[in-house]
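Descriptive analysis of the structure
Each chain is listed here by its residues.
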Amino acid sequence: MRNLHKLTDEELVAAYAQGNNDAFDALLLRYKSKLFSYIYQMVRDRDLADDIFQDTFVKAITTIKQGRYNDMGKFSAWLYRIARNLAVDSFRAEKSEYSLSTDDANYDILNRREFSEDTIEDFIVDLQIEEDLRRLVDELPDVQREVLIMRYYRDLSFKEIADITGVSINTALGRMRYAILNLRRMAKEKSVILTR
């Protein structure tokens, strides 16, 4: 078999199903960082993210080994969908609301700008805008917030978002549209300025 890292996801899944454990190691290596980051953004707790990450791969292993994997050509979306469902289940189990916390000052989900050439006043204004935006995003309905985070902060395509969330691309696009409209409405109602 050629170099495992050059194989497609589906080829690796097939090789693993036939007993090649190195094939699954290659899949794990391919998705480890992005998947953990995705989970952590949802749950905002490193230990819980670790648990969900491990449970995601245990479920993937079990499903493949039992011959029940059938999402041909969509392994990454299937993997993200498992992680998402496990995260949602963990929220339900704890009777917590599915939302992002902004308590961790060391992790700034909206920090996309380079401040090196800005003045200190610009820096302070930008921090305030980001804080205001985080509050508004937290107030969005769950499905709108989820699509917005996946699109803008995880840089996923609408096809990937649709596959992960189990909806059509049009539904994902609609949720994004309503998220943006709601953000604008809330910003106007609360007199929040989102640009400097």
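Thresholds, definitions, all that
Residues numbered from 1 in each chain as written. Predicted model: local features only at pLDDT ≥ 70, side-chain atom pairs only at ≥ 80, totals over all residues. Heavy atoms only, no water. Phe/Tyr/Trp six-rings, centres within 6.5 Å; stacked < 30°, edge-to-face > 60°. Helix = DSSP H or I, 4+ residues; strand = E, 2+ residues; numbered from the N terminus. Buried < 20%, exposed > 50% of the residue type's maximum accessible area, 1.4 Å probe, protein only. Core = buried A, V, L, I, M, F, W, Y, C linked by side-chain atoms within 4.5 Å. Contact = heavy atoms within 4.5 Å. pLDDT = per-residue confidence, 0-100.

A full pass over the atoms with the stated rule returns 10 aromatic pairs. Considering the side-chain rings of Phe-36 and Tyr-40, the 6.5 Å spacing of their centres and the 10° angle between planes classify their relative orientation as stacked. Remark: Tyr-40 and Phe-36 occur in helix α2 (residues 21-43); sequence separation between them is four residues, near one turn of the helix. For the pair Phe-36 and Tyr-40, one class covers both residues: buried. A ring pair is formed by Phe-75 and Trp-78, whose centres lie 5.7 Å apart and whose planes are at 50°; its orientation type is tilted. Note that Phe-75 and Trp-78 are positioned in helix α4 (residues 75-93) at a spacing of three residues, about one turn of the helix.

Below, the discussion takes up the nonpolar core. Considering soluble globular proteins, one finds that nonpolar side chains tend to be buried as a cluster. Core analysis: the biggest nonpolar cluster contains 54 residues, and Leu-35, Tyr-38, Ile-39, Val-43, Ile-64, Phe-75 and Leu-148 have the highest contact counts within it. Listing elements by their share of this core, those giving two or more residues are α1 (9-17), α2, α3 (46-65), α4, α5 (120-139), α6 (142-153), α7 (158-165) and α8 (169-189). If you tally residues by element for this core, the top one is α2, at 12 residues. If we skip the residues at most four places from it in the chain, Ile-64 touches Val-13, Tyr-16, Ala-17, Phe-24, Tyr-69, Phe-75 and Trp-78.

Below, the discussion takes up the confidence of the model for the chain. Low-confidence regions, as indicated by low pLDDT, have predicted coordinates that should not be scrutinised in detail. Looking at the chain as a whole, the pLDDT averages 80, with 80% of positions reaching at least 70. α1 holds the highest mean pLDDT among the elements of the chain, 90, whereas α5 holds the lowest, 75. Every residue in residues 95-100 is under pLDDT 50, and counting partners more than four places away or in other chains gives 17 contacts. In the predicted structure, residues 107-117 sits below a pLDDT of 50 and forms 23 contacts with residues beyond four places in sequence or in another chain.

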